[in-house]
Amino acid sequence: MNDAGPSFGLEDVTVAQTRLSSIDGEEGALLIGGYPVEDIAPNATYEEELYLLLHDSLPNAEELRDFQADLARRRSIPDEVASVVRRAAREGRPAMDALRMGLAAVTLSTDLGDPSATEAKALRVVAAMPTIVAAYWRFRQGADPVSPRTALGHAANYLYMLRGEEPSRSAVRGLETYLNTVIDHGLNASTFAARTVVSTESDIVSAATAAVGALKGPLHGGAPGPVLNMIQEAHDRGNCEEVVRARLDAGERLMGFGHRVYRARDPRADVLSAAAEEFYAGAGRENVFETARELEAVGSRLLAERKPDRRLETNVEFYTAVLLHGIGFPAELFSPTFAVSRVGGWVAHALEQKRNNRLVRPVARYDGAEGRTWTPIGERE
Ligand code: COA
């Protein structure tokens, strides 16, 4: 309880039934479409995992080919969206604002066929997200956007549109593993927002736009930027212990450590740690990976000393920062790239909600005034 009364965060309140992902916080286990995240994320393409979420089974080769083609042909964004994004970039708006603005307009000049074809809309949203983010980033660099290439897979094309050149296989694999790892994670705030919007029988573009708004908040996936700053500082100073101690002594939390749901290890941290290790081994880049590993060990040790009752280990965001930085993403694109992945979960949840809908309408406990009577404006003090 605080001065404003009790705070409600809906912890442990069940508000939906889903077959999309399952989290076991005690065991530190995550299933995506029934597969352990450790098994599926490093092996699948993003398209395979998206298909799994939408159809509840992995595609065979022919189904995958058709699905990839269907997704790829929906990538281009209309000029109107490009103009909005260019304006946002020129005005120095954050990338998530640009994404929200661009996504809201994405169905302009777009033939979705049958207006009731909700899966077509879902694919349109998923396909357009990387194009919007990449266009924004290109405008920010003072360059022109790069048109999508249908011959490239979803992850490869995203990197291609950002850089204007074909990415290496290891960069594509690293990004793909990241996108697959964070595509869905139970009823997080943005996914809940998407389901709530759809529960009013609104549409999937509106749901995804609301979800982008929810994801934009720093409490939802905003840690990788500060994590990278911490790792970079430790790397530059050549001393992890000093950097970690300084933060803890100042009463700060260590970014990238701890999790609300996982009481054991966050399994996504392991997947991304392995992906980052593999990526850095082949990349020959300045090795912040080794610093990250050392910082992880120092952070876990010092947190265990200071919070002996609580298991505080690295979470998904710690290795997100390491991996995406290695691939070459600037910190400003960490959240939009999270959205590029999580949109798969949003649309799958939206379709699931539509199939068995009930309006989401919780209640609030009233603690305001009662029994007031109307006073005309001229009689008020
Ligand atoms: N660094 C230092 N101390 C931490 C900590 C961290 N990263 N995470 C939790 N703690 C401590 C808290 O200070 C608190 O100590 P206290 O009881 O002495 O006050 C105790 O552990 C419990 O914290 P609480 O806030 O109740 O845990 P939570 O389950 O609500 O926290 C997070 C979950 C994610 C909000 C929290 O671990 C955190 O802030 N982590 C850093 C931010 C981050 O990485 N976020 C991304 C999550 S994917």
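This text follows the structure it describes.
Thresholds applied
Residues numbered from 1 in each chain as written. Predicted model: local features only at pLDDT ≥ 70, side-chain atom pairs only at ≥ 80, totals over all residues. Heavy atoms only, no water. Salt bridge = Lys/Arg side-chain N within 4 Å of Asp/Glu carboxyl O. Helix = DSSP H or I, 4+ residues; strand = E, 2+ residues; numbered from the N terminus. Buried < 20%, exposed > 50% of the residue type's maximum accessible area, 1.4 Å probe, protein only. Patch = residues over 30% accessible without salt bridge, like charges linked within 9 Å, V, L, I, M, F, W, Y side chains within 5 Å. Areas by Shrake-Rupley, 256 points an atom, 1.4 Å probe, with all protein chains shown as cover. Lys, Arg positive; Asp, Glu negative; His and termini not counted. Contact = heavy atoms within 4.5 Å. Near = heavy atom within 4 Å. Polar contact = N/O pair within 3.5 Å; in protein donor to acceptor, adjacent residues only side chain to side chain. Nonpolar A, V, L, I, M, F, W, Y, C, P; charged D, E, K, R; others polar. Pairing = 2+ DSSP bridges. Expected span 1.5 Å × (residues − 1). Axes fitted to C-alpha atoms, helices over the stretch in contact; angles between N-to-C directions. Parallel < 35°, antiparallel > 145°, perpendicular 65-115°, else oblique. Core = buried A, V, L, I, M, F, W, Y, C linked by side-chain atoms within 4.5 Å. Domains from an automatic or database assignment. Left-handed = near helix turned anticlockwise from the far one by under 90°.

> Tell me what's going on with the pattern of salt bridges, and back it up with residues and numbers.
Evaluated as defined, the whole model comprises 24 salt bridges. When the shortest N-O distance is used, the salt bridge between Lys216 and Asp97 registers 2.8 Å. Remark: Asp97 occurs in helix H5 (residues 95-104) and Lys216 occurs in the loop between helix H10 (204-215) and helix H11 (224-237); sequence separation between them is 119 residues. Taking relative accessible area as the criterion, Lys216 reaches 41% and is therefore assigned partly exposed. A salt bridge links Arg265 to Glu296; the nearest nitrogen and oxygen atoms lie 3.4 Å apart.

> Describe a nonpolar patch on the surface, with residues and values.
Residues Leu10, Val13, Val15 and Leu187 make up a contiguous nonpolar surface patch of about 300 Å² in total accessible area. Since its relative accessible area comes to 36%, Leu187 is described here as partly exposed.

> Describe the side chain of Arg138, naming the residues involved and giving the relevant values.
The residue Arg138 is located in helix H6 (residues 118-140) in this model. Comment: no salt bridge for buried Arg138; closest opposite-charge side chain is Asp144, at 7.3 Å. The residues contacting Arg138, other than those within four sequence positions of it, are Ala143, Asp144, Pro145, Val146, Met161, Leu162, Arg163 and Gly164.

> Quick rundown of the site of the ligand? Include the residues and the values.
What surrounds the ligand is a group of 16 residues, the closest being Arg253, Leu254, Gly256, Lys307 and Arg310. In the environment of the ligand, an oxygen atom lies 2.7 Å from a nitrogen or oxygen atom belonging to the backbone of Gly256. Take Lys307: an N or O atom from its side chain is 2.9 Å from an oxygen atom of the ligand. Along the lines of polarity and charge, the residues of the shell around the ligand split into six nonpolar, four polar and six charged.

> Tell me about the pairing of strand S1 (residues 21-24), and name the residues and values.
Across four bridges, the pairing between S1 and strand S2 (residues 29-32) is antiparallel. Paired with Ser22 across the strands is Leu31, a residue of S2. From the end of S1 to the start of S2, which pair antiparallel, there are four residues, and Gly28 there has a positive phi angle of about 70 degrees.

> Tell me about helix H15 (residues 316-327), and please be specific about residues and values.
The end-to-end C-alpha distance of H15, which contains twelve residues, comes to 16 Å, matching closely the 16 Å that a straight helix rising 1.5 Å per residue would cover. In terms of residue burial, H15 counts as a mostly covered element, since twelve of its twelve residues are buried. Where H15 is concerned, the buried positions are Val316, Glu317, Phe318, Tyr319, Thr320, Ala321, Val322, Leu323, Leu324, His325, Gly326 and Ile327. Where H15 is buried, its residues meet helix H7 (154-163), helix H8 (169-181), H11, helix H13 (267-283), helix H14 (288-306) and helix H16 (334-355). With its phi angle positive at about 115 degrees, Gly328 sits one or two positions after the end of H15.

> A description of the packing of H8 against H13 should follow, citing residues and the corresponding values.
Two elements in contact, H8 and H13, have axes whose closest approach is 10 Å; the angle formed by their N-to-C orientations is 175 degrees. Of the possible angle classes, the one that applies to H8 and H13 is roughly antiparallel. Taking contact as the criterion, the partners of Ser170, Ala171, Thr177, Tyr178 and Thr181 in H8 are, on H13, Arg268, Val271, Leu272, Ala275 and Phe279. Among the residues making up the contact of H8 with H13, the classes are represented as six nonpolar, three polar and one charged.

> Can you explain the nonpolar core? Please cite residues and give values.
Core analysis: the biggest nonpolar cluster contains 113 residues, and Leu175, Phe329 and Trp346 have the highest contact counts within it. For this core, the leading source of residues is H6, giving 14 residues. Composition of this core by domain shows at least three residues from each of domain 1 (21-216 + 343-355) and domain 2 (224-327). Filtering out sequence-adjacent residues up to four positions away, Phe329 remains in contact with Tyr158, Leu159, Leu162, Leu175, Leu324, Phe334 and Thr337.

> Report on the sheet that holds S2, specifying residues and quantitative values.
Judged by pairing direction, the sheet is antiparallel, and its three strands sit side by side in the order S1-S2-S3 without closing on themselves. Strands with a single pairing partner mark the edges of an open sheet, and in this sheet they are S1 and strand S3 (35-36). Pairing of S2 with S3, which is carried by two bridges, proceeds in the antiparallel orientation. Across the sheet, residue Leu31 finds its bridge partner in S3, namely Pro36.

> Provide a residue-level description of the packing of helix H2 (residues 46-55) against H6, including the pertinent values.
H6 packs onto H2 with a crossing angle of 150 degrees between their chain directions and a minimal axis gap of 13 Å. The pairing of H2 with H6 is recorded here as roughly antiparallel in orientation. Crossing geometry of H2 relative to H6 is assigned as right-handed. Residues Tyr46, Leu50, Leu54 and His55 of H2 form the contact with H6, whose participating residues are Glu119, Leu123 and Val126.

> Which residues make up H7, and what values do they have?
Within H7, nine of the ten residues are buried, leaving the element largely enclosed by the surrounding structure. The inward-facing, buried residues of H7 abut H2, helix H3 (61-72), H6, H8, H15 and H16. Residue Gly164 follows H7 closely and has a positive phi angle near 80 degrees.

> Provide a residue-level description of the environment of Leu53, including the pertinent values.
With respect to the helices, strands and loops of the structure, Leu53 is situated in helix H2. A C-alpha to C-alpha distance of 9.0 Å links Leu53 and Asp184, two positions 131 residues apart in sequence. If we skip the residues at most four places from it in the chain, Leu53 touches Arg19, Leu20, Ile32, Gly33, Ile183, Asp184, Gly344, Gly345 and Ala348.

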